Amino acid sequence: MNVSFYGHVRQYHNMKAEIDANIAEVLESGNYVMGPVLKRFEKELAAYHGMKHAIGVGNGTDALWLTFMALGIGPGDECITTPNTFFATAEAIWVANATAVFVDSDPKTACIDPACIEAAITPRTKAIVPVHLYGQCADMKAIRKIADKHGLFVIEDNAQGIAASGDGFKIGELSDAVCTSFIIQKNLGTFGDGGAVVTNNDQIDKEVRRLRNHGSEKRSCHSMGFNSRLDDLHAGVLSAKLKHIDEWSDLRRKWAARYSAGLKDARSFTLPHEAAGYRHVYHLYVIDMKKPEHRDELLGFLNGCGIDAKCHYPIAIHQQEGYPWGKQARIAGPIPNSERNAATCVSLPMFPELTAEEVDHVIAKVVEWDRTK
Ligand SMILES: *Cc1c(COP(=O)(O)O)cnc(C)c1O
């Protein structure tokens, strides 16, 4: 039995009528850019978060740097983030011409460790950029406290955590803005690229709207801006999919629980850690090999029997070629946990449309390999 890593086409087949209807609506309307379907989706997305504004943009990376620019974060300014994330988190800081400052991650959750943040703050620090890695919220209460004490912005990179929540906090509640990505492999994904900024801050809303559309607030009037919009076709697809996001997140949690029950006696790795009171939405189900040398061995074994397992992310950002990119990046303190995570992480297939047979097959194969260790 082959098990793929993603279920995009299955998802489309399960809801073909809804998606096709929304695509037809856009095609028949004649409005494809900044049209009524985008407006409607922005309202739905803001309402889903219980927040005032959502602004559709070209992708998740743009959502981040447009927000930094809207907040006036630029040359000489520092943003504290984690090197244990997809490259785009740091790239967006760099696009805004600011400096990325990396601090270590928590050894259990793999999200930014708030205990490392304060020592990294300098007079140039403007923002903290936590990432809700693998679908589990970072410790936003601790991060908000530090931000308040030092007068910093908090911008959530929520490319992986839509529908997640923390112990008594919702996404967006403890930050200035939430940036999300709708590329197909994310929990809420369109058939291509897309992103959004969700915020209660009227100024961020106004600035991102202006910046994403050639600096224009009024037809034919422009100040400097960019072209980074969410097309109505994508907004139509996302509008149909948003109605299913809670049900899909429950399914992800169900498959994660099934994996964790089936793999609980493993000798060679530890299971994903769910922080108490948090709703982890398992964008990725990531196990942590006890010995780095086992990582490629397990991956090779699984891939060899038709199970698509991957690594997220095998190279920490400060270990990427070219670091520190024109000196716009630095490490604050040692980063042992993030470096270890990069060497030991293995992601098992995870998507809502998995079947119990597929999950059990993956479990059986992983257990078969683990018994040889
Ligand atoms: C996917 C992702 C992004 C970037 O999103 P794009 O839409 O691909 O630009 C940023 N941060 C994280 C953590 C991501 O997973």
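Residues numbered from 1 in each chain as written. Predicted model: local features only at pLDDT ≥ 70, side-chain atom pairs only at ≥ 80, totals over all residues. Heavy atoms only, no water.

S.K.: Would you explain the packing of aromatic side chains in this entry?
M.R.: Here a ring pair, both rings aromatic, is described through the centre-centre distance and the interplanar angle of the planes. For the structure on display, the rule yields 11 aromatic pairs. Seen in terms of ring centroids, Phe5 and Tyr6 are 5.0 Å apart; in terms of plane orientation they differ by 90°. Their pairing is edge-to-face. For Phe5, a relative accessible area of 2% gives the class buried. Tyr6 sits in the partly exposed class, given a relative accessible area of 29%. (Phe/Tyr/Trp six-rings, centres within 6.5 Å; stacked < 30°, edge-to-face > 60°. Buried < 20%, exposed > 50% of the residue type's maximum accessible area, 1.4 Å probe, protein only.)

S.K.: So what exactly am I meant to see when it comes to the domain arrangement of the chain here?
M.R.: The figure often quoted for interface size is the accessible area lost as the parts come together. Taken domain by domain, the chain holds domain 1 (8-242) and domain 2 (245-370). Centre-to-centre separation of domain 1 and domain 2, based on C-alpha positions: 23 Å. Contact residues are listed per partner, giving 53 residues for domain 1 and 44 residues for domain 2. Counting the surface lost from both domain 1 and domain 2, the interface buries some 3900 Å², and carbon and sulfur atoms represent 54% of this. Of all residues in domain 1, the largest losses of buried area upon contact with domain 2 belong to Phe102, Tyr134 and Asn187, amounting jointly to 19% of the total for that side. (Domains from an automatic or database assignment. Contact = heavy atoms within 4.5 Å. Buried area = accessible area lost by both parts, 1.4 Å probe.)

S.K.: Which parts of the structure should I look at to understand the packing of helix 4 (residues 60-70) against helix 5 (residues 88-95)?
M.R.: Geometrically, a packed helix pair is captured by the angle between its two axes and the distance between the axes. Two numbers describe how helix 4 lies on helix 5: the axes approach to 8 Å, and their chain directions differ by 40°. Taken together, the axes of helix 4 and helix 5 lie oblique to each other. Our pair here, helix 4 against helix 5, has a crossing hand that is right-handed. Residue-level inspection shows Thr61, Leu64, Trp65, Phe68 and Met69 of helix 4 in contact with helix 5, the latter providing Ala88, Thr89, Glu91, Ala92, Ile93 and Val95. (Axes fitted to C-alpha atoms, helices over the stretch in contact; angles between N-to-C directions. Helix = DSSP H or I, 4+ residues; strand = E, 2+ residues; numbered from the N terminus. Parallel < 35°, antiparallel > 145°, perpendicular 65-115°, else oblique. Left-handed = near helix turned anticlockwise from the far one by under 90°.)

S.K.: What exactly am I supposed to notice about the side chain of Thr199 here?
M.R.: Along the polypeptide, Thr199 turns up in strand 7 (residues 195-199). We classify Thr199 as buried; its relative accessible area is 0%. At 2.9 Å, the side chain of Thr199 forms a polar contact with the backbone nitrogen of Asn201. With sequence-adjacent residues up to four places away left out, Thr199 is seen in contact with Met51, Lys52, His53, Ile55, Asp176, Ala177, Ile204 and Asp205. (Polar contact = N/O pair within 3.5 Å; in protein donor to acceptor, adjacent residues only side chain to side chain.)

S.K.: Mind showing me how you'd approach unusual backbone geometry here?
M.R.: Leaving glycine out, the prevailing phi sign among residues is negative, and the prevailing peptide bond configuration is trans. Omega for the bond connecting His312 with Tyr313 falls within 30 degrees of zero, at 5°, which places this linkage in the cis form. Mapped onto the secondary structure, Tyr313 falls in the loop between helix 10 (293-304) and strand 10 (329-331). In this model, Tyr323 is joined to Pro324 through a cis peptide bond whose omega is 10°. Checked against the element boundaries, Pro324 lands in the loop between helix 10 and strand 10. Backbone geometry at Lys327 places phi at a positive 65°, although glycine is not the residue there. With relative accessibility at 68%, the residue Lys327 sits in the exposed group.

S.K.: Whenever I open this one, the site of the ligand confuses me. Can you help?
M.R.: Near the ligand there are 14 residues, and of these Gly60, Thr61, Asp157, Ser181 and Lys186 occur at the shortest range. At 3.5 Å from an oxygen atom of the ligand is found a side-chain nitrogen or oxygen belonging to Asn59. Within the backbone of Gly60, one N or O atom sits 2.8 Å away from an oxygen atom of the ligand. In isolation the ligand offers 380 Å² of accessible surface; the protein chains occlude 93% of this area. Contributions of two or more residues to the shell around the ligand are made by helix 4 and helix 5. The residue inventory of the shell around the ligand, partitioned by class, reads four nonpolar, eight polar and two charged. (Near = heavy atom within 4 Å. Areas by Shrake-Rupley, 256 points an atom, 1.4 Å probe, with all protein chains shown as cover. Nonpolar A, V, L, I, M, F, W, Y, C, P; charged D, E, K, R; others polar.)

S.K.: Mind showing me how you'd approach the pairing of strand 2 (residues 78-81) here?
M.R.: Because side chains alternate across strand 2, one face comprises the buried residues Glu78 and Ile80, and the other comprises Cys79 and Thr81, equally buried. Pairing of strand 2 with strand 3 (residues 99-102), which is carried by four bridges, proceeds in the parallel orientation. Residue Cys79 lies in a different strand from strand 3, and its bridge partner there is Ala100. Of the crossover connections in this fold, the one passing from strand 2 over helix 5 to the parallel strand 3 is right-handed. Strand direction decides the pairing type here: strand 2 and strand 4 (residues 125-128), joined by three bridges, are parallel. Bridge pairing in strand 4 links Ile80 to Ile128. (Pairing = 2+ DSSP bridges. Right-handed = clockwise from strand over helix to strand, strands pointing away.)

S.K.: Looking at this structure, I do not really get the sheet that holds strand 3. What am I missing?
M.R.: Two strands in a sheet stick together by hydrogen bonds in their backbones, pointing the same way (parallel) or opposite ways (antiparallel). Taking strand neighbours across the sheet as the criterion, the eight strands line up as 1-7-6-5-4-2-3-10 in an open arrangement whose pairing is mixed. On the outer flanks of this sheet lie strand 1 (53-57) and strand 10, each paired with one strand and no other. Within the sheet, the average angular offset between the axes of one strand and its neighbour, ignoring direction, is 25°. Against the sheet, helix 5 touches strand 2, strand 3 and strand 5 (153-157), its axis set at about 145° to strand 3. Lying over the sheet, helix 7 (residues 202-212) contacts strand 1, strand 6 (177-181) and strand 7, oriented at roughly 20° with respect to strand 1.

S.K.: Hey, could you run me through the nonpolar core in this one?
M.R.: When a protein is soluble and globular, its nonpolar side chains tend to lie buried together. Core analysis: the biggest nonpolar cluster contains 87 residues, and Leu45, Ile117, Tyr259 and Leu348 have the highest contact counts within it. Both domain 1 (8-242) and domain 2 (245-370) contribute no fewer than three residues apiece to this core. The contacts of Ile117, once residues within four sequence positions are left out, are Ile80, Val103, Ile112, Ile128, Ile143 and Ile146. (Core = buried A, V, L, I, M, F, W, Y, C linked by side-chain atoms within 4.5 Å.)

S.K.: Whenever I open this one, the sheet that holds strand 9 (residues 285-289) confuses me. Can you help?
M.R.: Read across the sheet, three strands follow the order 8-9-11 without closing on themselves; strand pairing throughout is antiparallel. Two strands close off the open sheet at either side, each with one partner strand: strand 8 (269-270) and strand 11 (345-348). Pairing of strand 8 with strand 9, which is carried by two bridges, proceeds in the antiparallel orientation. Its bridge partner lying in strand 9, Phe269 is registered against Met289. Most of the contacts of helix 10 go to strand 11, to which it runs at about 20°, and overall it touches strand 9 and strand 11.

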